[in-house]
Amino acid sequence: MTAGKHFIPTSLIISFFCLSFLLWPIGMVAADTNLQDEKIEKIAVLPFLLGGSDSIKQRKLERTLDCQLRGLCYLEDDLQSDAGQILTDITQLELEKLFGNRVVPSSLTMQAYNSIKQKENKTPRELAVELGKKLRVDHVMVGLIWRFKQRIGSNMSVQSPASVAFTAFLVNVNGGELAWKATFDKTQASLSENLFDAGIFINQGMKWLTAEELATYGAEKIYKALQ
């Protein structure tokens, strides 16, 4: 039987806390765009998409905005089927914290999204613009998930930790320009393997996170840049 991963002594955690807490956790990347020039009056969340093209492997993530949906592919082992709904709900909640009633309710967004025809032939950018016009908003958040793996084990000991990777794109409906993007790409590591994960362990209650908890942690971090 494979031994699970355990915590290192609390005294050692405290010794490295000040250093690791100040550093941005490895795996999270926020892009520098022209957000300061954007005025978000009304925003909607396009249902998050599963998969990725060769652009992901090449880290040229903007290209995925212009891939037809039927061209997106993913590995079943890396993505659970409901990952899109989970990240959509998390993003909706985080944006509501930031923008309040400027965020279109998810029920209205889904109604408008379901009315869009021939989605498979359209790109995420095209879907964002069409959805935005239907809802009369100025910005639409588009999300792409290419990894969402659950931990194997408990919150105290794991054989395999949770791993989540997604990118959020903020599209300006008037013209379809990319206004902002951010990426969260993280596999939780033990403190003995990566001291920079101390912030995650301490802030999240000294435990191994589920994929949902790790995704929520990432979403809270990246969307703060929209304030």
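In the Ramachandran plot, Gln118 falls in the positive-phi region, its phi being about 55° despite a non-glycine side chain. Mapped onto the fold, Gln118 is located in the loop between α4 (106–114) and α5 (124–135). Unlike most non-glycine residues, Arg136 shows phi in positive territory, near 60°. Following the sequence through the fold, Arg136 ends up in the loop between α5 and β4 (139–149). By relative accessible area, which is 76% here, Arg136 ends up exposed.

A word on the environment of Asn101. One can find Asn101 in the loop between α3 (83–99) and α4. We classify Asn101 as exposed; its relative accessible area is 67%. C-alpha of Asn101 to C-alpha of Ile43: the two residues are 58 residues apart in sequence and 9.4 Å apart in space.

Our focus in this paragraph is α4. Of the positions making up α4, those classed as buried are Thr109, Ala112 and Tyr113. The buried residues of α4 occupy one face: seen down the axis, they fall within an arc of 100°. Pointing more than 90 degrees away from the buried face of α4 are the exposed residues Ser107, Gln111 and Asn114. Looking at the buried residues of α4, the elements they touch are β2 (43–45), β3 (49–50) and α5.

Our focus in this paragraph is the pairing of strand β8 (residues 178–187). Extensive coverage of β8 is indicated by the burial of eight of its 10 residues. When strand β7 (residues 163–172) meets β8, the two strands line up antiparallel, connected through nine bridges. Residue Val171 lies in a different strand from β8, and its bridge partner there is Leu178. Connecting the antiparallel pair β7 and β8 is a turn made up of five residues, with Gly175 showing a positive phi of about 105°.

In this section: the packing of α4 against α5. To characterise two packed helices, one gives the angle between the axes of the helices and the distance between these axes. At their nearest, the axes of α4 and α5 sit 10 Å apart, and the two run at 120° to each other. In terms of axis orientation, α4 runs oblique to α5. Like other packed secondary-structure pairs, α4 and α5 cross with a definite hand, here right-handed. For the pair α4 and α5, the contacting residues are Leu108, Thr109, Ala112 and Tyr113 in the first and Leu127, Leu131, Lys134 and Leu135 in the second.

What follows concerns the confidence of the model for the protein. A residue-level look at the protein finds 68% of positions with pLDDT of 70 or above and a mean pLDDT of 78. Note that residues 6–26 has pLDDT below 50 and, in this model, 31 contacts with residues that lie over four places away or in other chains.

Each value, and the rule that gives it
- Residues numbered from 1 in each chain as written.
- Predicted model: local features only at pLDDT ≥ 70, side-chain atom pairs only at ≥ 80, totals over all residues.
- Heavy atoms only, no water.
- Helix = DSSP H or I, 4+ residues; strand = E, 2+ residues; numbered from the N terminus.
- Buried < 20%, exposed > 50% of the residue type's maximum accessible area, 1.4 Å probe, protein only.
- Arc of directions from axis to C-beta.
- Contact = heavy atoms within 4.5 Å.
- Pairing = 2+ DSSP bridges.
- Axes fitted to C-alpha atoms, helices over the stretch in contact; angles between N-to-C directions.
- Parallel < 35°, antiparallel > 145°, perpendicular 65-115°, else oblique.
- Left-handed = near helix turned anticlockwise from the far one by under 90°.
- pLDDT = per-residue confidence, 0-100.

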